[in-house]
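Okay, here's what each chain looks like letter by letter:
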Amino acid sequence: MFPVELRGTRAQTLMWAHEHEVEPAALQQLRNIAQLEWVHGVRVMPDVHLGKGATVGSVIAMRDAVAPAAVGVDIGCGMESVRTSLKASDLPDDLGSLRSRIEAAVPMGFAAHSDPVDVTRLEARTFGQHRAGTTLRAGWKRFWDAFADLDPAVQARESKAHKQMGSLGGGNHFGEVCIDTSHQVWILLHSGSRNIGKELAERHMSVARALPHNQQLPDRDLAVFLSGTPEMDAYRRDLTWAQEYAARNRAVMLALICQAVRDEFPTLPVHFDKPISCHHNYVAEETIDGVPMLVTRKGAVRAGWGDLALIPGSMGTRSYVVRGKGNPLSFNSASHGAGRRMSRNAAKRQFTVADLVAQTEGVESRKDAGVLDEIPSAYKDIDQVIAAQQDLVDVVATLRQVLCVKG
């Protein structure tokens, strides 16, 4: 059944969704992207929906060029998860205490840590001699020293970036405690590069829009950088750093949540498996159809042969751990989640807090107007999204959340 080819495009555009299932504005956005002379091909995942400049759920292979909008403003946004040694039977009926402990450990929304997290102490305290589950990475001095090389416009943000390391953010970012079909407890989280990634992205998008070769584009937000130019070099430098910031941010958060879980169960020996981590807003150098390309995934994960990835649903449905099949037709990609079926404002107009309470029954979570735009009905059916990509991934584990924290 899939893929199907999108009509009216210059570069081949293959979709793991039917045209009638995709909003017209998103289809036009995909056609605009495929019109760019540097684009080799576009692949569209089943969670596709309208984005700024480039479509969410798109994978774009370009020759010697990259469009910052095809990455998005939350550079390096992605998922991190770890299976714990806890069983569902170890969890109390009331998870309110655990939720409060997690919310105290990980700043939400616009909040940040009052002081930067001491990563060395955190790692030692959380994992001790059982280090198989640690996600904290070495090289912190090298990483932070590179801040001085970033765009001059963000140099005043270093202190803020330090304090936001290990914080969740808002919107669709979340931290969850989940249970799989074998009754094993997992920790799952979704976040990105916080304010520093956003500022870097917006700075480079502004630079790209002003370049002469981008003046006749069908959408100025699709402005590209070209290989071999100082503008491309500067963007790739800052992009690479922001992608690493996002990965480290999730690693620190995961360690903080693991410690909160361990503190909540002081009489139990809690251990953690090797974490699973994946970006879904990023750039990679890959070989496509035998040719070196710059591949952007915006709302898509790499699903090469054997690659483990995480595909979440919404705060009231399931999430999936998957293993890639390495399908070259999709440029070795799969969806990043369920994908929105309506805008945030539309969700707020259509649903009530009572609807949110009903749709998140059984989940320890916020149930107020502040997260109404994240109501499960605002998202596509995650099971249908998974079913549409059976040729892209195999399901390794199905997770049902019992606790969800959001900013």
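Above: the structure in question.
Scope of this entry: the structure provided in the associated data block. If you're wondering where the values come from, they're calculated on a predicted model, not measured in any experiment. (Residues numbered from 1 in each chain as written. Predicted model: local features only at pLDDT ≥ 70, side-chain atom pairs only at ≥ 80, totals over all residues. Heavy atoms only, no water.)

Let us look at the sheet that holds strand β17 (residues 393-405). To summarise the sheet geometry, strands pair through backbone hydrogen bonds and adopt either a parallel or an antiparallel arrangement. Pairing is antiparallel in the open sheet, where seven strands are placed in the order β10-β6-β8-β7-β17-β15-β14. Both edges of this open sheet fall to β10 (276-279) and β14 (308-311), since each of them pairs with a single strand only. Strand-to-strand, the axes of this sheet are offset by a mean angle of 30°, without reference to chain direction. Bridge count between strand β6 (residues 78-87) and strand β8 (residues 184-191): seven bridges; the pairing is antiparallel. When the bridges of β8 are listed, glycine 78 appears paired with serine 191. Here helix α7 (residues 230-264) sits on the sheet and contacts β6, β8 and β10; the angle it forms with β8, its principal contact strand, is near 145°. (Pairing = 2+ DSSP bridges. Helix = DSSP H or I, 4+ residues; strand = E, 2+ residues; numbered from the N terminus. Axes fitted to C-alpha atoms, helices over the stretch in contact; angles between N-to-C directions. Contact = heavy atoms within 4.5 Å.)

Okay, helix α6 (residues 194-209) next. Spanning 16 residues, α6 covers 23 Å between terminal C-alpha atoms, matching the ideal 22 Å at 1.5 Å per step. Of all the residues in α6, the buried ones are Arg194, Asn195, Ile196, Gly197, Glu199, Leu200, Ala201, His204, Met205 and Ala208. (Expected span 1.5 Å × (residues − 1). Buried < 20%, exposed > 50% of the residue type's maximum accessible area, 1.4 Å probe, protein only.)

Put simply, helix α2 (residues 96-105) and α7 touch, their axes get as near as 9 Å, and they point 145° apart. Of the two possible hands of crossing, α2 and α7 adopt the one that is right-handed. Packed against α2, whose contacting residues are Ser97, Leu98, Arg101, Ile102 and Ala105, the element α7 presents Leu256, Ile257, Ala260, Val261, Asp263 and Glu264 at the interface. Grouping the constituent residues of the contact of α2 with α7 by class yields seven nonpolar, one polar and three charged. (Left-handed = near helix turned anticlockwise from the far one by under 90°. Nonpolar A, V, L, I, M, F, W, Y, C, P; charged D, E, K, R; others polar.)

Time to look at the layout of surface pockets. One number sums up the size of the largest pocket: a volume of about 1400 Å³. Secondary-structure elements contributing two or more residues to the lining of the largest pocket are α5 (158-164), β7 (174-180) and α6. In terms of residue count, α6 provides more of the lining of the largest pocket than any other element does, five residues in total. When the residues that make up the lining of the largest pocket are grouped by side-chain class, the tally is 13 nonpolar, 21 polar and 14 charged. (1 Å grid on protein atoms, 1.4 Å probe; cavity = no way out; pocket = protein on both sides within 12 Å on 5 of 7 lines; lining within 4 Å. Points joined across faces, edges and corners; volume = space filled by probe spheres on them.)

Following phenylalanine 2, the chain continues into proline 3 via a peptide bond in cis, with omega recorded as 5°. Its location among the elements puts proline 3 in the segment before β1 (4-5). Not every positive phi belongs to a glycine, and phenylalanine 331 is a case in point at roughly 55°. Mapped onto the fold, phenylalanine 331 is located in the loop between β15 (318-324) and β16 (333-335).

Of note, glutamine 215 is situated in the loop between α6 and β9 (225-226). By relative accessible area, glutamine 215 is classed as partly exposed at 34%. Ignoring sequence-local partners within four residues, the contact set of glutamine 215 consists of Arg209, Ala210 and Arg220. There is a polar contact of 3.0 Å between the side chain of glutamine 215 and the backbone oxygen of arginine 209. (Polar contact = N/O pair within 3.5 Å; in protein donor to acceptor, adjacent residues only side chain to side chain.)

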